[in-house]
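# Summary of structural features
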There are 2 protein chains.
Amino acid sequence: MSNSGSDGGSGVVQSVDRAIEILELLARTGESGITEIAAHLGVHKSTASRLVYTLQKRELVEQHGERGRFTLGLGVLRFTGAASNQSEIVRVGTPLCEALAEKLGESVHIAVLDGTDVINVCEARGPSAISTQEWTGRPTPPHTSSSGKVLLAAAPRERQELVLSRGLEACAPRTITDPHRLREELERVRKDGYAVAIEEFEPGLHGVAVPVRGKGDDVIAAISASGPSYRMKRTQMRDMVAELRIAAQDLSARLGYARR
Amino acid sequence: MSNSGSDGGSGVVQSVDRAIEILELLARTGESGITEIAAHLGVHKSTASRLVYTLQKRELVEQHGERGRFTLGLGVLRFTGAASNQSEIVRVGTPLCEALAEKLGESVHIAVLDGTDVINVCEARGPSAISTQEWTGRPTPPHTSSSGKVLLAAAPRERQELVLSRGLEACAPRTITDPHRLREELERVRKDGYAVAIEEFEPGLHGVAVPVRGKGDDVIAAISASGPSYRMKRTQMRDMVAELRIAAQDLSARLGYARR
DNA sequence: GGTTATTGTTGCGGTATGAGCAACTCGGGG
DNA sequence: CCCCGAGTTGCTCATACCGCAACAATAACC
């Protein structure tokens, strides 16, 4: 039926691809039954059952009750630590974040776009650390943050449409919820090369972000600074953008991409 | 066929099982090459390559450089949030943790045993929150913490031997590194029904833990309290054990297991 | 309480599909 | 320059996986 996600391609191992699709489905829905999963994949119940059973044996999926519904299992946590330590961008980005946080006096994050979610992959809190809390790994909607806008502005059109079609939920009074306004905003971000978010994620919180580019000038991540509104005035933001740009270029270079 | 080694068993989908084994290998080693992975699985290079390619397309694995080595990718972060929110024990355990942290004035954790690692699945910091940092999801060796001892004491013999055979690394001056002493300690934990750790994980940090039981009285998790040594004297610990026990029983009951 | 609808879990047999082989490309040393 | 190691890719065969259908076990309904 509706193979909404990415239908593999050539060279991929079918059953593995389907298994991963199950995990992603569970991540989205929270919990599902076998029949539902089978329908989503467009396969027979038995096939889905077999796949889920395999995932379950490895503790990537757990079953609530004897014959109940399925959710993601705690086994996936085994991977998170290693992933965030080993992934190249995190490894070289973390010290950069920390240096920058020290210099700017505000929290600094590096985020990537994962499907239609923004995920912060590393974080360094500013010296005055009351403001922000731990966000690493938690997915947030792209339209609510400065990094999200940067990433979205550079994403392929279809991805943008997907985000828009899901609806722009407000998580603060000043969140952009009008599709038309968001489109304009993204246009401006593309032109200026940076994004700001003024109390759009949380009241009293401002942020600025710039893109990090990989080979071929495509945007692979965003680096952002955020802090309380009373410390983030126009002038400070301008200075921050400059600093962030230097850091972004440095990061690109250290990831092995030619700096230009 | 007679799939020797650590293979799932009957009913599992072979390629999916192998793919997960790859992820676990990468989580352990940090990074590996295709040849190494193939050798570990006991399959041909091409097979390993195909599996890795599939994982890579889903961003669960990333490749460093054009023809370089492989590590876990950031795609796995997509799962962590959902896993820790949806897993039953976390969902009902979190409010319990928070209540207890408030009452005891120290940080409270719930941990499970995952393979041979202890993983904290939820956390509530005490009001005086300077002491501990975010540990959720990060695997720690079982012999260094009070929760670890509780979980290990209840684990099947083979699991214990596996931990012992890997060697007991010291992460603080007072970590138990002698296998014989650890065996004695586990015996005592089984008898008393609780465990303590006195500066065994980190200098100046004490902890106490009790088991959480599932159906059939098997231990499925541990709930612990930890804090700086100057606030954790014998008497306080005794009181804490009592409180923890009540909480553990409550948790068991709320997970749907008969309380006795 | 009996009956129906829906759930997830199994044998079983055909075939799509994934495993293995070997040839290939690419890079780094000796 | 040639060799040796890395990872990738056609090609082929049979094996492991998928779909079917019958099965158990709740849940829902009157």
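Sequence order sets the numbering: in each chain, residues are counted from 1 along the sequence as written. Going through the entries in the order they are written, you letter the chains from A and number the ligands from 1. For a predicted model such as this one, the threshold for reporting local features is a pLDDT of at least 70, and the threshold for listing and counting side-chain atom pairs is 80 or more; totals across whole chains, interfaces and linings nevertheless cover every residue. Side-chain numbers here rest on the full set of heavy atoms in the structure, without hydrogens or water.

## Considerations on the interface of chain A and chain B
We count it as follows: When checking whether two residues touch, look at their non-hydrogen atoms; a contact exists if any pair is within 4.5 Å. Buried area adds together the accessible area that both of two parts lose upon being put together, with accessible area traced by a 1.4 Å probe. By salt bridge we mean one thing: a side-chain nitrogen of Lys or Arg within 4 Å of a carboxyl oxygen of Asp or Glu. A 3.5 Å cut-off defines polar contacts: any pair of N or O atoms within that distance qualifies, except that in protein one atom must be a possible hydrogen donor and the other a possible acceptor, and neighbouring residues in sequence count only when both atoms are side-chain atoms. Helical segments are the DSSP runs of H or I of at least four residues, strand segments are the runs of E of at least two, and each set is numbered from the N terminus. Charged means Asp, Glu, Lys or Arg here, nonpolar means Ala, Val, Leu, Ile, Met, Phe, Trp, Tyr, Cys or Pro, and polar covers whatever is left, Gly included.
At the junction of the two partners, chain A supplies 53 residues and chain B supplies 51 residues. A buried area of about 4800 Å², summed over both sides, lies between chain A and chain B, and 63% of it is on carbon and sulfur atoms. For chain A, the biggest contributors to the area lost against chain B are A:Arg58, A:Leu74 and A:Phe79; these three give 15% of the whole. Our count for the contact surface shared by chain A and chain B stands at 10 salt bridges. Across the salt bridge formed by B:Arg58 and A:Asp17, the nearest N and O atoms sit 2.9 Å from each other. Across the chain A-chain B interface, the total number found is 13 residue pairs in polar contact (both at pLDDT 80 or more). It is helix H1 (residues 14-29) of chain A that contributes the most residues to the side of chain A that touches chain B, 9 residues altogether. In terms of residue class, the side of chain A that touches chain B is made up of 23 nonpolar, 16 polar and 14 charged.

## Quick word on the protein's contact with DNA strand D
Inclusion rule: A single heavy atom is enough: if one lies within 4 Å of a molecule or strand, its residue is considered near that molecule or strand.
Neighbouring residues of DNA strand D: 21 residues in total, closest A:Thr47, A:Arg50, B:Gln14, B:Ile34 and B:Thr35. Counting only atoms of DNA strand D within 4 Å of the protein, the sugar-phosphate share comes to 68%. A distance of 2.8 Å is found between a phosphate oxygen of DNA strand D and a backbone nitrogen or oxygen belonging to B:Ile34. Here a phosphate oxygen of DNA strand D and a side-chain polar atom of B:Thr35 are 2.4 Å apart. If you tally residues by element for the surface near DNA strand D, the top one is helix H3 (residues 45-57) of chain B, at 4 residues. When grouped by side-chain class, the residues that make up the surface near DNA strand D number 4 nonpolar, 11 polar and 6 charged.

## Quick notes on the side chain of A:His109
Checked against the element boundaries, A:His109 lands in strand E3 (residues 107-114). In this structure the side chain of A:His109 is engaged in a polar contact, spanning 3.5 Å, whose partner is the side chain of A:Glu123.

## Observations concerning the sheet that holds strand E6 (residues 195-198) of chain B
Residues and elements named next belong to chain B. Our working definition: Strands were regarded as paired on the criterion that DSSP finds at least two bridges between them. Between N-to-C directions, angles span 0 to 180 degrees; the directions come from axes that are lines fitted to C-alpha atoms, helices contributing only their stretch in contact.
Across the sheet, 6 strands lie side by side as E5-E4-E3-E8-E7-E6; this open sheet has antiparallel pairing. On the outer flanks of this sheet lie strand E5 (139-140) and E6, each paired with one strand and no other. In this sheet, strand E8 (residues 219-228) lies alongside strand E7 (residues 205-213) in antiparallel orientation, the contact comprising 9 bridges. Its bridge partner lying in E8, Pro-211 is registered against Ala-222. Against the sheet, helix H6 (residues 146-154) touches strand E3 (107-114), strand E4 (117-124), E6, E7 and E8, its axis set at about 160° to E8.

## Considering the protein's contact with DNA strand C
Residues in close proximity to DNA strand C total 20 residues, the closest being A:Gln14, A:Ile34, A:Thr35, B:Thr47 and B:Arg50. Counting only the atoms of DNA strand C that lie within 4 Å of the protein, the sugar and phosphate share comes to 66%. At 3.4 Å, a backbone N or O of A:Ser15 approaches a phosphate oxygen of DNA strand C. One of the side-chain nitrogen or oxygen atoms of A:Lys45 is found 3.2 Å away from a base nitrogen of DNA strand C. Those elements that place two or more of their residues in the surface near DNA strand C are H1, helix H2 (34-41) and helix H3 (45-57) of chain A together with helix H1 (14-29) and H3 of chain B. The element that contributes the greatest number of residues to the surface near DNA strand C is H3(A), accounting for 4 residues.

## Comments concerning helix H7 (residues 157-166) of chain A
Residue and element names in this part refer to chain A. Convention followed: Exposed residues in this analysis have more than 50% of their type's maximum accessible area, buried residues have under 20%, and partly exposed residues fall in between, with area computed by a 1.4 Å probe over protein chains only. Here, the arc refers to the directions that run from the helix axis to the C-beta atoms.
Here H7 has its buried residues at Gln-160, Val-163 and Leu-164. Taken down its axis, H7 places every buried residue within 95° of arc, on the same side. Turned more than 90 degrees off the buried face of H7, the exposed positions are Glu-158, Ser-165 and Arg-166. On its buried side, H7 packs onto helix H6 (146-154) and helix H8 (179-192). Looking at the residues trailing H7, positive phi occurs at Gly-167, about 95°.

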